[in-house]
Amino acid sequence: MPILELRGISKHFGAIQALKEVSFTVEPGEVVGLMGDNGAGKSTLVKIIAGNFRPSAGKILIAGAEMAFDSPLAARGEGVEVVYQDLALCDNLTAAANVFLGREITRKIAGIPIVDHRAMMIRAAELFAELKSETRPRDLVHDMSGGQRQAVAIARTRLAESKIVLMDEPTAAISVRQVAEVLDLIMRLRDHGIAVILISHRMPDVFSVADRVVVMRRGQLVANKPSASSSPEEVTGLITGAIEAA
Amino acid sequence: MATPSIEDVIGQSQHHGWLARVTSRQTFWIFLAAIIACVLLSLVTDTFATERNLFNVTRNFAFVGIIALGMTTVIASGGIDLSVGSSVVLSAIVVGTTMAAGFPIYVAVPLAIGAALCVGLLNGVLIAYAQMPPFVVTLGTLAVARSLAMVLSGNKMIYEFGPDHDLLLGLGGGSMVGIANPVYFLMILAVLTGLSYRWTRWGQHVFAVGGNETAAGMTGIRVARVKVSVYMFSAFTAGVTGVLEVGWLGGVTTNLGQSMELTVIAAAVIGGATLAGGSGTALGAVVGAALIEVIRNSLILLGISTFWQGTFVGSFIIIAVAIERMRSLRQNA
């Protein structure tokens, strides 16, 4: 059974049709590259899956059950996690504190809930080890490289029992060496049976990790095929409209 | 690659050794400056290191220090509270008028602190929910709260506090084992504030909001509630100070706490709270307040006109911000 199924998702903002009957499915442990030019509707689609917007028409099914998210928190409750482009980290806090932000572990001392820093450090260290990242829980995010920041943001999605991780341009603003680090992280998530939707402009990144490519143009889905049977040239053609559909 | 054990990973940190960690803190240097100033004053004057003078110095800095705890919290969350001086006088006038009207102290004090909390609530709601800039909102309540204090008292001095007169004077003006009562309030509040910063979810969230408000919101932290709470805490510290100051002075006029916000902000900033938000410590607030009071005291003891006080306090704010600026430039280089 697909972990995520979109059935005829449409969205309009007033007279503007941002999405028109978009349908596709994602299997557990599958990495899907979601591609398209600026304004093609990728971000709108991601925001609908993440619970920021409600679709004007169409259905979202998670593990076969129909969902109607009214907030990102509701979506997170169903295992949908988002790694934002700007990563949503607090530079002034430690890696461990960021991983647990808003979900701090507490224990009671004399009836007062006390933040259990030690337990958070240990759990964060486990998550970083699991992701094979060299990020240290005690370090401040302020002093970290782009790749380590990604690891912190991704570790956060591993805290909850996430089933689907949406990643918005994770490799847009980091160095070549760090890109490799992030792509490794994506493969670790896949190895844990998590479905990853990777929104990216960078063709080589998508083709190196994605099992399947989904291409959007002007709010419509124009291609949905295994990346092995496509090519960067074809996808470029699909994005620009040089190729009508595939 | 050998996999390090979890304990190894946790033990690793970018700051090696306690000495490096301690000396990288602004609080340490300010503390050192305060100590050096004290030593110099003890050598140069024979009046500084007297029991009487030290008693006065500690009591005076307690008033600024208590509010600096609230101010540090507001600044750590990325805000600013200019209304604290007016909350002090409002609290003081409320406690004064209700006790002068014959009410007992246990009714008057909660009313006074409640009045200050109302100012904090108004600040918080306008800033957090109406999303107005903290500077403008608290500048407005600065004017409103002092004006209400004038209306309430008819702008007259109050110095008769009804049946519990002596209790009120003892609370703010008395001492235990040679230490002024306000100093105990400062110590208790400083310990509680410090513990809350480090060990409560509220403390974590205050610093998260100050560090990256959008990020904090996206992780599910209720940013608006955190903001309201910090302005209420700041108003609470001002309310407590108002009550204590009436007791110490033995009377209250509507001049009380005038331009106190400047000294308090200076104490917080000197103590390591950066105005951009996301940093600050309770110990820093106390040490910052102490340094300002020692400097102020030294001007008096050295026979320098107190007119120079503003110059010193103002320059301190600018120097502390300049140091912070230089440090962040160096880190980003």
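Small disclaimer: the values here were computed from a predicted structure and weren't measured.

A.B. asks: What's the story with the overall build of chain A in this structure? I'm lost.
C.D. replies: Helix and strand content of chain A: eight helices and twelve strands. Its C-alpha atoms give chain A a radius of gyration of 19 Å, near enough to 18 Å, the size a compact globule of 246 residues would have. For chain A, the C-alpha atoms occupy an extent of roughly 65 × 40 × 35 Å along the three principal directions. Among the 246 residues that make up chain A, the fraction classed as buried is 46%. The long-range fraction of contacts in chain A, counting pairs at least 24 apart against all pairs at least 6 apart in sequence, stands at 64%.

A.B. asks: Explain the interface of chain B and chain A here, please?
C.D. replies: How large an interface is tends to be reported as the accessible area lost when its parts come together. Contact residues are listed per partner, giving 24 residues for chain B and 25 residues for chain A. Of the residues that constitute the side of chain B that touches chain A, the class distribution is ten nonpolar, 13 polar and one charged.

A.B. asks: I keep staring at the pairing of strand β8 (residues 112-115) of chain A and nothing clicks. Help me out?
C.D. replies: Strand residues, when the strand is regular, have side chains that alternate between the two faces of the sheet. All names here are of chain A. The sheet contact formed by strand β7 (residues 106-109) and β8 spans four bridges and is antiparallel. Directly across from Lys108, in β8, lies its bridge partner Pro113. As consecutive antiparallel partners, β7 and β8 are separated by two residues, and within that stretch Ala110 has a phi angle of approximately 50°, a positive value.

A.B. asks: What is the right way to look at the sheet that holds strand β12 (residues 220-226) of chain A in this model?
C.D. replies: Strand pairing in a sheet relies on backbone hydrogen bonds, with the paired strands running either antiparallel or parallel. Residue and element names in this part refer to chain A. Within the open sheet, the six strands sit side by side as β6-β9-β10-β3-β11-β12. Their pairing is mixed. Each of the sheet's edge strands pairs with one partner strand only, and the pair in question is β6 (80-83) and β12. For this sheet, the mean angle separating the axes of adjacent strands, direction not counted, is 20°. Pairing of strand β3 (residues 31-36) with strand β10 (residues 195-199), which is carried by four bridges, proceeds in the parallel orientation.

A.B. asks: Help me understand the packing of helix α3 (residues 26-44) of chain B against helix α14 (residues 282-301) of chain B, please; the structure alone is not making it clear to me.
C.D. replies: Axes are the key here: two packed helices are described by the angle between their axes and the distance separating the axes. Residue and element names in this part refer to chain B. The N-to-C vectors of α3 and α14 enclose an angle of 25°; their axes lie 9 Å apart at closest approach. When the interaxial angle is binned, α3 and α14 end up roughly parallel. In this structure, α3 crosses over α14, and the sense of that crossing is left-handed. Contacts from Gln26, Thr27, Ile30, Phe31, Ala33, Ala34, Ala37, Cys38 and Leu41 of α3 reach α14 at Leu283, Gly284, Val287, Gly288, Ala290, Leu291, Val294, Ile295, Ser298 and Leu301. Among the residues making up the contact of α3 with α14, the classes are represented as 14 nonpolar, five polar and no charged.

A.B. asks: Please explain helix α4 (residues 117-130) of chain A as it appears in this structure.
C.D. replies: Counting along an α-helix, one turn takes 3.6 residues, and residues three or four places apart therefore face a common direction. Residue and element names in this part refer to chain A. Taking 1.5 Å of rise per residue, 14 residues should cover 20 Å, and α4 covers 20 Å from first to last C-alpha, within 8% of that figure. Looking only at α4, the buried set comprises Met120, Met121, Arg123, Ala124, Ala125, Leu127 and Phe128. In the stretch just after α4, Lys132 is the one whose phi turns positive, near 50°.

A.B. asks: What should I look at first to understand the UniProt feature "transmembrane region" (unreviewed entry) in chain B in this one?
C.D. replies: All names here are of chain B. Within this numbering scheme, the UniProt entry marks residues 28-49, 61-80, 111-129, 135-155, 167-192, 228-250, 262-292 and 298-323 as carrying the feature "transmembrane region" (unreviewed entry). As annotated, residues 135-155 comprises 90% helix and 0% strand, and the C-alpha atoms at either end are separated by 27 Å. Helix makes up 73% of residues 298-323 and strand makes up 0%, while its end C-alpha atoms are separated by 24 Å.

A.B. asks: What am I meant to see in the sheet that holds strand β5 (residues 65-67) of chain A here?
C.D. replies: Residues and elements named next belong to chain A. Taken in spatial order, the four strands make up an open sheet running β2-β1-β4-β5, and their pairing is antiparallel. Strands with a single pairing partner mark the edges of an open sheet, and in this sheet they are β2 (16-26) and β5. Each strand axis lies, on average, 30° off the axis of its neighbour in the sheet, ignoring direction.

A.B. asks: Quick question: what am I supposed to make of the packing of helix α8 (residues 165-173) of chain B against helix α12 (residues 223-249) of chain B here?
C.D. replies: Residue and element names in this part refer to chain B. Viewed as axis vectors pointing N to C, α8 and α12 meet at an angle of 105°, and their least axial separation amounts to 6 Å. With respect to each other, α8 and α12 are oriented roughly perpendicular. Residues Leu168, Leu169, Gly170, Leu171, Gly172 and Gly173 of α8 form the contact with α12, whose participating residues are Val243, Leu244, Glu245, Val246, Gly247 and Trp248. Of the residues assigned to the contact of α8 with α12, the class counts are seven nonpolar, four polar and one charged.

A.B. asks: How do you make sense of helix α8 (residues 232-240) of chain A when you look at a structure like this?
C.D. replies: Residue and element names in this part refer to chain A. Taken together, the buried positions of α8 are Val235, Leu238 and Ile239. Projected onto a plane normal to the axis of α8, the buried residues spread over an arc of 100° and lie on a single side. Among the exposed residues of α8, those pointing more than 90 degrees away from its buried face are Glu233 and Thr240. The secondary structure elements touched by the buried residues of α8 are β3, α7 (203-209), β11 (212-217) and β12. Gly241 sits one or two positions beyond α8 and adopts a positive phi of about 100°.

A.B. asks: What's the story with the pairing of β3(A) in this structure? I'm lost.
C.D. replies: All names here are of chain A. Counting buried residues along β3, six of its six residues qualify, which places the element largely inside the surrounding structure. Alternating positions in β3 separate into two faces, Val31, Gly33 and Met35 on one and Val32, Leu34 and Gly36 on the other, with burial throughout. Pairing of β3 with β11 involves five bridges; the strand directions are parallel. What sits directly across from Gly33, in β11, is Val213.

A.B. asks: Would you mind showing me how to read unusual backbone geometry here?
C.D. replies: Glycine aside, the phi torsion of most residues is negative, and most peptide linkages are trans. All names here are of chain A. Phi is positive for Ala63, close to 50°, though the residue is something other than glycine. Inspection of the secondary structure puts Ala63 in the loop between β4 (57-62) and β5. Residue Lys132 is not a glycine yet carries a positive backbone phi of 50°. Along the chain, Lys132 falls in the loop between α4 and α5 (146-159).

A.B. asks: I keep staring at the environment of Leu148(B) and nothing clicks. Help me out?
C.D. replies: Residues and elements named next belong to chain B. With respect to the element layout, Leu148 can be found in helix α7 (residues 134-153). For Leu148, a count of 20 C-beta atoms within 10 Å translates into the label buried. Along the primary structure Leu148 and Val64 are separated by 84 residues, whereas in three dimensions their C-alpha atoms are 22 Å apart.

Reading the values: rules and limits
Residues numbered from 1 in each chain as written. Chains lettered and ligands numbered in written order. Predicted model: local features only at pLDDT ≥ 70, side-chain atom pairs only at ≥ 80, totals over all residues. Helix = DSSP H or I, 4+ residues; strand = E, 2+ residues; numbered from the N terminus. Rg over C-alpha atoms; globule rule 2.2 N^0.38 Å. Buried ≥ 20, exposed ≤ 12 C-beta atoms within 10 Å, placed from the backbone. Contact = placed C-beta atoms within 7 Å. Nonpolar A, V, L, I, M, F, W, Y, C, P; charged D, E, K, R; others polar. Pairing = 2+ DSSP bridges. Axes fitted to C-alpha atoms, helices over the stretch in contact; angles between N-to-C directions. Parallel < 35°, antiparallel > 145°, perpendicular 65-115°, else oblique. Left-handed = near helix turned anticlockwise from the far one by under 90°. Expected span 1.5 Å × (residues − 1). UniProt positions renumbered as here; feature names shortened; annotations may be inferred. Arc of directions from axis to C-beta.

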